[in-house]
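# Structural overview
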Amino acid sequence: MKDNVNQILNISKFILGFLGVSLCVWLVASKYPESGEEIEKINAFVKDSPPSFSALDYVNFLIGAALITVIGFFIYQFIIRPKQTGLSILGLLVSAVLFMVLFFVGSADTVKSLQLDPEKVNLGPNTIAITTAGIYTIGICLLIGVMAIVLGPLMGRYRK
């Protein structure tokens, strides 16, 4: 059973990798309009690029494939190692809750306090709040991770 699952995973990795590389080559080979072009040409490229597969469809396909792959990985890992996978999912949920709390608390930063030119940069308060919450969430998670690495061996010695 385990050999069959490994074989299926290897084949699916190859297929997804080949599909991703070929789609990237297709997108890179497309004739992009220049950034200074008229908006109609850029919109036409985004909406009606080569036959029945626009750039937005490509991006949506890759996001969907990545989402399906991540969910499949979690299901596979949950079957193989339920305790460790449950703890990993719990860690992701705690990080998401921390992010949401920090987002809803908000940020005192504004375009002016960030010393940005309001004519060149168009930022709303939600963008600043999301960015600040993300930076703080990453910082807190890194701090906890470093503390676990540093203090983990010490805690193990003192337990005995």
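Our subject is the structure listed above.
Summarised in this report is the structure supplied together with it.

## Considering the overall build of the chain
Across its full length, the chain holds 5 helices and 0 strands. Element order for the chain, N to C, with α for helix and β for strand: α-α-α-α-α. Relative to its full complement of 160 residues, the chain shows a buried share of 13%. Counting only carbon and sulfur atoms, one obtains 71% of the accessible surface of the chain, whose full area is about 13000 Å².

## Remarks on helix α4 (residues 82-105)
For α4, which comprises 24 residues, the first-to-last C-alpha distance of 34 Å matches the rise-based estimate of 34 Å (1.5 Å per residue) to within 8%. Within α4 the residues assigned to the buried category are T85, L102 and F103. One or two steps after α4, the chain reaches G106, where phi turns positive at roughly 90°.

## Side note on unusual backbone geometry
Unlike most non-glycine residues, Q115 shows phi in positive territory, near 60°. Locating Q115 in the fold gives a position in the loop between α4 and α5 (125-159).

## Focus on a nonpolar patch on the surface
On the surface, a nonpolar cluster with roughly 930 Å² of combined accessible area is contributed by L143, V146, M147, I149, V150, L151, L154, M155 and Y158. The residue I149 is located in helix α5 in this model. When its relative accessible area of 65% is taken as the criterion, I149 is described as exposed.

## Examining the side chain of T132
Relative to the helices and strands, T132 is located in helix α5. Residues contacting T132, with those up to four places away along its chain left out, are S107 and D109.

## Some points on the side chain of T137
Of note, T137 is situated in helix α5. T137 gets classed as buried once you look at its relative accessible area, which sits at 9%. Contacts of T137, omitting those with residues within four sequence positions, involve S95, L98, F99 and L102.

Cut-off values and rules
- Residues numbered from 1 in each chain as written.
- Predicted model: local features only at pLDDT ≥ 70, side-chain atom pairs only at ≥ 80, totals over all residues.
- Heavy atoms only, no water.
- Helix = DSSP H or I, 4+ residues; strand = E, 2+ residues; numbered from the N terminus.
- Buried < 20%, exposed > 50% of the residue type's maximum accessible area, 1.4 Å probe, protein only.
- Areas by Shrake-Rupley, 256 points an atom, 1.4 Å probe, with all protein chains shown as cover.
- Expected span 1.5 Å × (residues − 1).
- Patch = residues over 30% accessible without salt bridge, like charges linked within 9 Å, V, L, I, M, F, W, Y side chains within 5 Å.
- Salt bridge = Lys/Arg side-chain N within 4 Å of Asp/Glu carboxyl O.
- Contact = heavy atoms within 4.5 Å.

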